[in-house]
Amino acid sequence: MSDSKSAIAANSKKHNAMANAIRMLSLDAVEKAGSGHLGLPLGATDIATVLFSKIMKFDPKQPDWPDRDRFVLSAGHGSMLLYSALHLLGYENASLDQLQDFRQLGARTAGHPEFGHLDGVETTTGPLGQGIANAVGMAMAEASLRARFGKKIVDHFTYVLLGDGCLMEGISHEAAALAGHLALSRLIVLWDDNDITIDGHVSLADSTDQLARFRAYGWNVVSVDGHNARELETALRQAKKSDRPTFIACKTIAGFGSPARAARAKAHGGPYGKEEAMAIRKALDWNHGPFEIPEDIIDDWRLAGLRSTRKRVDWEQRLDDLDTETAAEFNRRLTGDLPPAFEEAVLELKQKLAEEKPAMATRKASQLALESINPALPETIGGSADLAGSNLTRTAGLEDFSSEKPAGRFVNYGVREHAMAAIMNGMALHKGLIPYSGGFFVFSDYCRPPIRLAALMGIRVIHVMTHDSIGVGEDGPTHQPVEHLASFRAMPNINVFRPADATETAECWQLAITRRDAPSILALTRQSVPCLRNEFEAENLCARGAYAIFGQADADALIYASGSEVSLAVSAARILESENISTRVVSVPCLELFLEQDQDYIRQIRGTPKALVAVEAGVAQGWDGLLGDGGQFVGMDGFGASAPAADLFEHFAIDTAHIVSAVKSQL
């Protein structure tokens, strides 16, 4: 306790009172809930108090003000620090009732911060390291939009509070290295350096010199006493002047104020118990009951929340002063609306494809689609994990995003799939951009945590995942996705598109961009596939997830297929038809969308076949509901092998002959 008392002695009485208000609300909420984390809310509150009351630009009365500073609590377990601060600052939906319902069913105050629940929560955090990568994306979005619309309209910073856990996670290395390379000077990271993890002292598992690490990335690095308000304020103001991202190491005491737990591993979690809660109140000279904050302290916090009102009003005037076209474009991008040119570009492309009937890999068809989409949608920002030549996500005219050219619309992420996906989430959360990127489908495993968070948050990010099956060929099973389609289809609120030809690829791109409330994956082939859609149709046939691509209704046999296997199914159907077995082929570019359709449409597509087959170069999981008890699956039931693609399809019995056999065995 002596260390705690000496740490607060240098601060003003006002600062300590404001900081202690956060501490006590956090303490009371965790104690009432019977669960939560107190180490960070007690220990990092001086950092938050300076940041929110002195440094950041925001307006609780207009929480979605586009030019607000962003705050990311990467150490999401410390959520009560953020919730308490939002309440004190005057965010309307962060009410005292919400704090008292912390971690309860239906409350906005979830165990970890969740985007969309509370104003002021910029992203969903909890899985450590995701927040700092999101923040890199936000800083990149700010730089991109500032380059397009000017500093008078886009001029804000992104702040991150993280702990040792975030720094241990590998994603923090990927994201921080890229941020340093791009010189994202409006990114400021505050490290809650308290030497504590759940299992004990940090030294149990880590001896990294974090300051040297971030200097090596090219960051501006500063060390301060995390309980000294003056040092914190000085460091933050200097950081805003840096031409590089800034890493501020804030030495703190986990569980600050707790006689029995401070600076110990048991400070991390909670609750601390009634007796220790009373001891903390005594140690911090807090003579008020649970959830009671004196009016003068509330007033100080509410005034802090109003600091930027004048700045917001001035910004609104500057926006009004813009020429009509620029102002309309800025607002369109922020709302996420799409311009008429987008639909026109897709229709023109589909007409061209119907005329030319190209046979090509769907990864190439994706590039062709992007060549039409990117000029029509200036908000798209592409990229690749060092695989642009394979993913084909770069199109003509896209310059590289860099510190020298922040208006560039192609990000060279390097071999950093995990950070790439999380950075894209940050861009989408910032608003104003539609991020897409490329990688090999098998390496989507590296992207899974941020893709899951994108699905949880309901945000528009698009992942181009090429080399989607054993069609990869000679690279072998390490590079051949088998279970990946099924595993992502099992994830709620995500669209997994697997188009069969160039026209379906264009339509899937249209659907991915049009849907604002979910991420999308485009699983695309390495190998060429034939043109199957020979006639132009303005309607997006992929929009309902599945449609009949060959044959008539009420056929004796029905074959479902996706991607490169649709052409195999059509070939098999022609053989069956020649033998007087009526056959219908249903292309299923998005199984999830199909299963969301009403039963009338599903029955219309299915008919009453005597034989039912599904064909996909992946595992069977996910197709069960369509096949029922009697249908057969033609696909994979194990890993692939290293050989030419054609040999592999024959070896694993995913070919026309085996599809025909599967149908006949049921007749």
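Residues numbered from 1 in each chain as written. Predicted model: local features only at pLDDT ≥ 70, side-chain atom pairs only at ≥ 80, totals over all residues. Heavy atoms only, no water.

Draft legend 1. Structural view of helix α28 (residues 656-664). Along α28, the residues that are buried comprise Thr656, Ile659, Val660, Ala662 and Val663. Viewed along the axis of α28, the buried residues span an arc of 160°, placing them on a single side of the element. Check the buried side of α28 and you find it contacts β19 (557-561), α23 (565-578), β21 (611-615) and β22 (632-634). (Buried < 20%, exposed > 50% of the residue type's maximum accessible area, 1.4 Å probe, protein only. Helix = DSSP H or I, 4+ residues; strand = E, 2+ residues; numbered from the N terminus. Arc of directions from axis to C-beta. Contact = heavy atoms within 4.5 Å.)

Draft legend 2. Inspection of the sheet that holds strand β15 (residues 495-497) at higher detail. The strand order β12-β11-β13-β14-β16-β15 describes an open sheet built from six strands, whose pairing is parallel. Each having just a single partner strand, β12 (410-412) and β15 make up the two edges of the open sheet. Each strand of the sheet is rotated relative to its neighbour by a mean of 20°, with strand direction disregarded. Taken together, the three bridges between strand β11 (residues 380-384) and β12 define a ladder with parallel strand orientation. When the bridges of β12 are listed, glycine 383 appears paired with valine 411. Running at roughly 130° to strand β16 (residues 520-524), helix α17 (residues 362-376) makes contact with β11, β13 (434-440), β14 (462-466) and β16 of the sheet. Of the strands in this sheet, β13, β14, β15 and β16 are in contact with helix α22 (residues 502-514), which crosses β16 at around 165°. (Pairing = 2+ DSSP bridges. Axes fitted to C-alpha atoms, helices over the stretch in contact; angles between N-to-C directions.)

Draft legend 3. Representation of the sheet that holds β22. The strand order β18-β20-β19-β21-β22 describes an open sheet built from five strands, whose pairing is mixed. Strands with a single pairing partner mark the edges of an open sheet, and in this sheet they are β18 (547-550) and β22. Shown here is a sheet whose adjacent strand axes are inclined to one another by a mean of 30°, direction ignored. Pairing geometry for β19 and strand β20 (residues 583-587), over five bridges, is parallel. Considered in β20, the bridge of alanine 557 is made with threonine 583.

Draft legend 4. View of the packing of aromatic side chains. For the structure shown, the criterion picks out 19 aromatic pairs. Judged by centre distance (6.3 Å) and plane angle (55°), the rings of tyrosine 560 and phenylalanine 594 are tilted. Taken together, the residues tyrosine 560 in strand β19 and phenylalanine 594 in helix α24 (residues 591-596) connect sequence positions 34 residues apart. Of the two residues, tyrosine 560 and phenylalanine 594, both sit in the buried class. Members of the aromatic cluster, each reached through a chain of ring pairs, are Trp191, Phe214, Tyr217, Trp219 and Phe247. The side chain of arginine 148 reaches across the aromatic face of phenylalanine 149, ending 4.4 Å from its centre. Above the ring of tyrosine 601, the side-chain terminus of arginine 544 is found at 3.8 Å from the ring centroid. (Phe/Tyr/Trp six-rings, centres within 6.5 Å; stacked < 30°, edge-to-face > 60°. Lys NZ or Arg CZ within 6 Å of the ring centre and 35° of its normal.)

Draft legend 5. Just the nonpolar core, in detail. Formed by 79 residues in total, the largest nonpolar core has its most connected members in Trp509 and Tyr560. With seven residues, α22 is the single largest residue contributor to this core. Not counting residues within four places of it along the chain, the set of residues in contact with tyrosine 560 comprises Val586, Val588, Phe594, Arg606, Leu612, Val613, Ala614, Val615, Trp623 and Leu626. With 69 residues, the next largest nonpolar core counts Ala110, Ala235, Cys250 and Ile253 among its residues. (Core = buried A, V, L, I, M, F, W, Y, C linked by side-chain atoms within 4.5 Å.)

Draft legend 6. Broad picture of a positive patch on the surface. A cluster of like positive charges, contributed by Lys14, Lys54, Lys240, Arg307 and Lys311, occupies part of the molecular surface. Turning to its location among the elements, lysine 311 is positioned in helix α14 (residues 309-321). (Patch = residues over 30% accessible without salt bridge, like charges linked within 9 Å, V, L, I, M, F, W, Y side chains within 5 Å. Areas by Shrake-Rupley, 256 points an atom, 1.4 Å probe, with all protein chains shown as cover. Salt bridge = Lys/Arg side-chain N within 4 Å of Asp/Glu carboxyl O. Lys, Arg positive; Asp, Glu negative; His and termini not counted. Charge placed at Lys NZ, Arg CZ, Asp CG, Glu CD.)

Draft legend 7. Representation of the environment of phenylalanine 330. Here phenylalanine 330 shows up in helix α15 (residues 324-335). When the C-alpha positions of phenylalanine 330 and arginine 148 are compared, they lie 9.3 Å apart, and in sequence the two are 182 residues distant. Every residue in contact with phenylalanine 330, bar those within four places of it in the chain, is listed here: Pro66, Phe149, Ile153, Val154, Trp315 and Leu319.

Draft legend 8. Structural view of the pattern of salt bridges. Applying the stated criterion across every chain, the model contains 33 salt bridges. One salt bridge connects aspartate 445 with arginine 448, and the closest N-O pair in it is separated by 3.4 Å. Taken as a pair, aspartate 445 and arginine 448 lie in helix α20 (residues 444-457) at a separation of three residues, close to a single helical turn. In this structure, glutamate 616 engages arginine 489 in a salt bridge whose closest nitrogen and oxygen atoms are separated by 2.8 Å. In this pair, glutamate 616 is assigned in the loop between β21 and α26 (624-627) and arginine 489 in helix α21 (residues 484-489), connecting sequence segments 127 residues apart. With relative accessibility at 1%, the residue glutamate 616 sits in the buried group. Accessibility expressed as a relative area gives 12% for arginine 489, which makes it buried.

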